[in-house]
Amino acid sequence: MNTTVNVSIGGYSFTLEENAYNTLQEYLNTVKVKLGNDKVAQETVNDIEFRIAELLTEKITLGQVVTNEMVTPIIEQIGKPEDIGENNDSTSNKQYRPKRLYRNPDDSIIAGVCGGLAAYFSVDPLVFRILFFALLFLKGFGLLLYILLWIAMPKAKTPFQKMEMMGDTENIDEIGRRVRKEISNASDNLKKSKAGNTVNKLINLFGQVMLYLLKAMLVIVKVISITIGVLLIVSMLLIFIALVGAVFFASYSPDFSGVIGGVGMTLNEIIASVLDISSSYWITIPLFLTLAIPIVALIYAGIRILFRFRAKDGTIGIIATVIWAAAVVTLSLTFFFQMRGLSVSEKVVKELEISPVNSNSKIVLCKSYNYMTDSTSSIEEKVQIFDWKIVTLKGKHQLAGSPTLIIDKGFEAKPRFEVIRKARGVNSYTAADNAKDIIYSLTLNDTLAILDPLYIIPEKTKWKNQSVLIKLYLPEGYGVYLDETLTEMLEKYQPYSNYWPDEMVGKTWIMTANGLRIAR
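Residues numbered from 1 in each chain as written. Predicted model: local features only at pLDDT ≥ 70, side-chain atom pairs only at ≥ 80, totals over all residues. Heavy atoms only, no water.

Novice: Sorry if this is basic, but what is going on with the overall build of the protein here?
Specialist: Tallying secondary structure elements over the protein gives 14 helices and 19 strands in all. Each of the 520 residues in the protein was classed as buried or not, and the buried ones make up 39%. Relative to all contacts within the protein whose residues are 6 or more apart in sequence, the contacts with residues 24 or more apart total 66%. Element-wise, carbon and sulfur atoms account for 59% of the exposed surface of the protein, whose accessible area totals about 30,100 Å². (Helix = DSSP H or I, 4+ residues; strand = E, 2+ residues; numbered from the N terminus. Buried < 20%, exposed > 50% of the residue type's maximum accessible area, 1.4 Å probe, protein only. Contact = heavy atoms within 4.5 Å. Areas by Shrake-Rupley, 256 points an atom, 1.4 Å probe, with all protein chains shown as cover.)

See below:
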């Protein structure tokens, strides 16, 4: 049985076989002789012992005896005493320690968090200091993150921990170099006031951070200003071209999501077709100036931002402002007088009872037609404005709209239609007259009902928020067949059906006590 020895290495207790103890003792004695008896040598030997203890702890389990086969590779890994030297070519088995995250006391302002992160990621510590400074403005997140990392990251105290922090080679020469560096740094720090050094570091750091931030901000401001200038010039030019085309050349490009779309009518013609006004130029010209002056001003601003020139443009600015204000006032007054004609709403109701003559059918057949493709139709659609259309009828531009169809429950003996025309006016009489003037036709032929797809507003009436609502009242037991041509005309939310219009057309529906049901 081999003799064992209990020893303390680097503050840890181990049980070694006698030959392993002799090998280790001989190695440490040789290192001491090689290094000498000064403070650096003593610290180096202590660190070597600590590293040996650390490596042995990784190799053995609790209570296991350390053998010579375990000690020899550790000595080769750390390096032999003859490898010690400033510029020697060591033949020892150099191994790079895997990096670990520590706080760096050698490069610290507060706690060394930024220095440790910089060492781990191999970047300048100033990068992380700027990052934490910037995160302070994110509701103090930078301070919270710094404190959490301060708590979570251990401080690199020993040379081995600093080697792990930097990912340096692990050999006896590197250990000695780090010990000499630490003692030299400690000696330099004793010559300086700790408080004064910290203040100087903070001042220097603040100056560097501000310098970097200032340079970065100048670059960012230049890039942003150039981008803004280009975007202003390009976008405003496109909008100005579209505005000029819409007002003067009957061209709408781009088409603003169908609000005003198509080609063939100038804005002046559209206003004349829609609004009841002596001359549409009372709206067209002020509207153009109201929009064009700010657009041109933005183009000019983009040019000045891009080319950075100064100009005495105060007089031109004042004149443009006065013209713009006059245009806004004119436009506001014109619209005010137009809105007076929409003060009161009235409706006119016309009833049509369905009385089958040639049949006893209880099914009402409802259909419409496509005025765009019908060869007999003399209507040509020109422009659509929201739910309204400007059409050409008999060579004249007139305003038109689409009626709405609702299937309701009737309580009379027979089905009936109700055509409800609505309009506004300056008073009840003019509102009722405007409603009566709406041109709309619903043709009944036995049980067949043909609904016009459009109602026309006479040229003399113009736009007074007119609308046409068609209600078909079906008593229980009666039904209706809805042709596909009624898809756009059907109200989406029918009172007695949960189906969408495209689901209702092409089918026959029977009115029951519980609403409309598909005929079987």
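Novice: Please explain the pairing of strand β10 (residues 396-401) as it appears in this structure.
Specialist: As a general feature of sheets, a regular strand has side chains that alternate between the two faces. Summarising the sheet, strand β9 (residues 388-393) and β10 pair through six bridges and their orientation is antiparallel. In the strand pairing of β10, W388 is matched with G401. Where β10 meets strand β15 (residues 455-457), three bridges bridge the pair, whose relative direction is antiparallel. Counted as the bridge partner of G401 is Y455 from β15. (Pairing = 2+ DSSP bridges.)

Novice: I keep staring at the packing of helix α11 (residues 281-307) against helix α12 (residues 314-340) and nothing clicks. Help me out?
Specialist: When two helices pack together, you describe them by how their axes are tilted relative to each other and by the distance separating the axes. Where α11 meets α12, the closest approach of the two axes is 8 Å, and the angle between their N-to-C directions is 140°. As far as their axial angle goes, α12 and α11 are oblique. By crossing handedness, the relation of α11 to α12 is classed as left-handed. Residue-level contacts link W282, I283, P286, L287, L289, T290, I293 and P294 of α11 to A320, I323, W324, A327, V328, T330, L331, T334 and F335 of α12. Split by residue class, the contact of α11 with α12 holds 14 nonpolar, three polar and no charged. (Axes fitted to C-alpha atoms, helices over the stretch in contact; angles between N-to-C directions. Parallel < 35°, antiparallel > 145°, perpendicular 65-115°, else oblique. Left-handed = near helix turned anticlockwise from the far one by under 90°. Nonpolar A, V, L, I, M, F, W, Y, C, P; charged D, E, K, R; others polar.)

Novice: Just checking my understanding: could you explain the side chain of D408 for this structure?
Specialist: Relative to the elements of secondary structure, D408 occurs in strand β11 (residues 404-409). K471 is the oppositely charged side chain nearest to the buried, salt-bridge-free D408, at an N-O distance of 4.2 Å. For D408, the contacting residues outside a window of four places in its chain are K471, L472, Y473, L474, P495, Y496 and M511. (Lys, Arg positive; Asp, Glu negative; His and termini not counted. Salt bridge = Lys/Arg side-chain N within 4 Å of Asp/Glu carboxyl O.)

Novice: What is the right way to look at the sheet that holds strand β13 (residues 442-445) in this model?
Specialist: In sheet architecture, strand pairing relies on hydrogen bonds along the backbone and comes in two forms, parallel and antiparallel. Strand order in this open sheet of six strands is β13-β14-β7-β17-β18-β19, and the pairing throughout is mixed. Strands at the two margins of the open sheet, each flanked by one partner only, are β13 and β19 (515-518). Averaged over all adjacent pairs, the angle separating strand axes in this sheet is 25°, with direction ignored. Here four bridges tie strand β7 (residues 363-367) to strand β17 (residues 479-482), and the two strands are oriented parallel to one another. Residue pairing for β17: I363 is matched across the bridge by G479.

Novice: Please clarify how the nonpolar core should be interpreted in this entry.
Specialist: A general tendency of soluble globular proteins is for nonpolar side chains to be buried together. Ranked by internal contacts, the top residues of the largest apolar core, which has 41 residues, are C366, F417, L474, V480 and L482. When residues in this core are grouped by element, the largest group, four residues, is from strand β16 (residues 467-474). Not counting the four nearest positions on each side in its chain, C366 is found in contact with F417, A449, L472, V480, Y481, L482, D483 and L486. Ranked by size, the runner-up nonpolar core spans 22 residues in total, among them Y27, I60, V71 and I78. (Core = buried A, V, L, I, M, F, W, Y, C linked by side-chain atoms within 4.5 Å.)

Novice: I would appreciate a short explanation of unusual backbone geometry in the present structure.
Specialist: Outside of glycine, negative phi angles account for most residues, and trans bonds account for most peptide bonds. For S122, which is not glycine, the phi dihedral falls at a positive 60°. Relative to the assigned elements, S122 resides in the loop between α4 (113-121) and α5 (125-135). For S122, a relative accessible area of 57% corresponds to the exposed category. In this structure, N465 is a non-glycine residue whose phi angle is positive, near 55°.

Novice: Where do I start with the sheet that holds β11 in this structure?
Specialist: Taken together, four strands build an open sheet; the order of strands is β6-β12-β16-β11 and the sheet is mixed. The open sheet has two edge strands, β6 (344-353) and β11, and neither has a second partner. Within the sheet, the average angular offset between the axes of one strand and its neighbour, ignoring direction, is 20°. Direction of pairing for strand β12 (residues 416-425) relative to β16: antiparallel, over a ladder of seven bridges.

Novice: Explain the confidence of the model for the protein to me, please; I cannot follow it from the model alone.
Specialist: In low-pLDDT segments, the atomic positions of the prediction should not be examined closely. Across the protein, the average pLDDT comes to 79, with 80% of residues at 70 or higher. Low pLDDT, under 50, characterises residues 86-93; the predicted model gives this stretch 13 contacts beyond four residues in sequence or across chains. Low pLDDT, under 50, characterises residues 192-196; the predicted model gives this stretch one contact beyond four residues in sequence or across chains. (pLDDT = per-residue confidence, 0-100.)

Novice: So what exactly am I meant to see when it comes to the pattern of salt bridges here?
Specialist: Side-chain pairs of opposite charge can arise whenever the charged atoms involved come near each other. Applying the stated criterion across every chain, the model contains four salt bridges. The partner of K409 in a salt bridge is E476, with the nearest N and O atoms 3.6 Å apart. With K409 in strand β11 and E476 in the loop between β16 and β17, this residue pair connects regions lying 67 residues apart in the sequence. Using a relative accessible area of 49% as the deciding quantity, one classes E476 as partly exposed. The salt bridge partner of R416 is E412, with a shortest N-O separation of 3.2 Å. Overall, R416 belongs to the buried group, its relative accessible area being 13%. Of the residues examined, E412 reaches a relative accessible area of 39% and is grouped as partly exposed.

Novice: Is there a simple way to think about the environment of T227 in this case?
Specialist: Tracing the chain through its elements places T227 in helix α9 (residues 194-248). Note on T227: relative accessible area 40%, which makes it partly exposed. Each C-alpha atom of the pair T227 and G302 lies 9.4 Å from the other, and the pair is 75 residues apart in sequence.

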